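Fold and contact review
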Amino acid sequence: MWINIKHYDTMQDINLEQIWNKVKEIVFSNLETQTLDLWVSPIAIKEVKDGNVILSLPNKYFSDWLIANNYLAKIKEVLDIELKNSVEIEFEYIQDIKDINKEQRQKVEFEYMPEKIFVLKEIFNPEYTFENFITDESNRFAKAVCETAAKQPGSAYNPIFIYAPVGLGKTHLLHAVGNKMLELSKKFRIAYITADRFVNEYIQSLQNNKIDSFRSKFQNAIALLLDDVQFLIGKEKSQEEFFHIFNILFDNKKQIIITSDRKPQELKGIEERLISRFEWGVIADIGRPSLELRLAILKHKTQRQRVYVPDDVLRYIAENITENIRRLEGALIKIIAVSITENIPLTIDNVKDMLKDVIEPKPQPVDIQKIIDVVAEEFKLSKTELLSKKRSDALALPRQVGMYLAKVMTDLSYAEIAENFKRKDHTTSYHAYLKIKNLISSNPYYAQLINKMIEKIRSR
Ligand code: ADP
Ligand code: MG
């Protein structure tokens, strides 16, 4: 389809299909074919009108998917360039799903970010708000300090350092801070940037002789939100630059929030003086989400989307995806989309089938004899020696490793494990478990050794 755009300098024909192809090429290039077919191929640009790009999508799940995966900002970036204009994106849904979507058209507002507001090419995901951040013991503190910081930047908690493994809400919290600050005043300049981007932009600014403008962008911000600081590891020059920016902002009582995938002390390869800055303020971790939290997040999502998913299905997902909330949400979005597009009811059996690529079958408990065999082999002992009454150090460690492996790889109780290793009572196996667990977390050599043994046992 060829259309005219009025506000172009010169009247010019643009080919919407070509532009959308460009978007696909740049934004979705690393998706697998299956995902592309399911999520991307049904989307098209319907119209470009008054600087607004209207995307046509089958239903609201497709826009949710775009938003949930942070694609919207990237799409906008490409469209801005292609259309030589700062565009707004609107959605138009083809299917009218009654209880889900009342309005045919939902406008996604980019207006709250007029160009002058400095947001290093990132926009804050409108779904990543404090209201949408569900808490339990594992993440309550992290949310509370961020919320305080958003309302009173630079006063109570500064800097804030948040650490957690991937997929547990670090980026969500930073965007929530950004969204909240902009809600309080649209004039706020907020510097949100991931550390890898910081490194890239810093290098570019050096190459282009634009270091001053690079710096001034940060120095004029009311808050600096640095995501995934671990990407500064080993980047000495960038660390130096960041140190400098940090000090200026901190001295001027500007809010600083940093996220990381590990504790400050574990950021090996980051200068000591930076790490000690990180430790000046509040350190908050986000722990593993409980089953209740996982379930609550799924419920919250379905309620927001006004879609009904049976409780046992939600529970099945929450019980099987335990480590990463992004994957948890991904599973939910997938079953809803498949159910709607292919008209399949959400029964447990159907859902198991839909999620078979996502949910790995639980590892089967292992026969303890296999563990004993592998441990004896690995430490070059005979089984008789391993299970003997002798208490020499050379035998104690292998035995403890064996009992540890039995605890993590079988369903046996401490008493049963002790019995299998010919020890008198369960405190022996319990202490063995604790000892090796500590050893693994403090000594990478043992962590590696144990992992190797686990693999060997599994492959028997
Ligand atoms: P991280 O940055 O720690 O890797 P993200 O912030 O990207 O994780 O979170 C992954 C996904 O999980 C996001 O879609 C986010 O909205 C969601 N999420 C994480 N924690 C929560 C929570 N407590 N409540 C609701 N959604 C959450
Ligand atoms: Mg993140």
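Residues numbered from 1 in each chain as written. Chains lettered and ligands numbered in written order. Predicted model: local features only at pLDDT ≥ 70, side-chain atom pairs only at ≥ 80, totals over all residues. Heavy atoms only, no water.

**Overview of the side chain of Asn 324**
Within the secondary structure layout, Asn 324 lies in the loop between α12 (311–320) and α13 (325–342). Within polar-contact distance, the side chain of Asn 324 engages the backbone nitrogen of Arg 327 at 3.2 Å. Among all residues touching Asn 324, those that are not within four sequence positions of it are Val 166, Gly 167 and Leu 168. (Helix = DSSP H or I, 4+ residues; strand = E, 2+ residues; numbered from the N terminus. Polar contact = N/O pair within 3.5 Å; in protein donor to acceptor, adjacent residues only side chain to side chain. Contact = heavy atoms within 4.5 Å.)

**Description of the sheet that holds strand β9 (residues 223–227)**
With parallel pairing, the five strands of this open sheet are ordered in space as β8-β9-β10-β7-β11. Of all the strands in the sheet, just β8 (190–194) and β11 (282–285) have a single pairing partner and so form its edges. Within this sheet the neighbouring strands show an average axis-to-axis angle of 15 degrees, counted without direction. Seen against the sheet, helix α7 (residues 195–207) touches β8 and β9 and runs at an angle of roughly 100 degrees to β8. Helix α9 (residues 236–251) contacts β9 and β10 (255–260) of the sheet and is inclined by roughly 140 degrees relative to β10. (Pairing = 2+ DSSP bridges. Axes fitted to C-alpha atoms, helices over the stretch in contact; angles between N-to-C directions.)

**So, the confidence of the model for the chain**
Residues of the chain with pLDDT of at least 70 account for 91%, and the chain-wide mean is 86. Here residues 1–12 scores under 50 on pLDDT; set against residues more than four positions off or in separate chains, the count is 26 contacts. Within the model, pLDDT remains below 50 along residues 96–122, and this stretch shows 69 contacts once partners closer than five positions in the same chain are excluded. (pLDDT = per-residue confidence, 0-100.)

**Focus on unusual backbone geometry**
With omega at -10 degrees, the peptide bond leading from Asn 158 into Pro 159 counts as cis. Relative to the elements of secondary structure, Pro 159 occurs in the loop between α5 (140–151) and β7 (160–163). In this structure, Asn 70 is a non-glycine residue whose phi angle is positive, near 60 degrees. Within the secondary structure, Asn 70 is located in the loop between α3 (60–68) and α4 (71–83). Residues other than glycine seldom take positive phi values, yet Lys 84 does so here, at roughly 50 degrees. Positionally, Lys 84 belongs in the loop between α4 and β5 (88–93).

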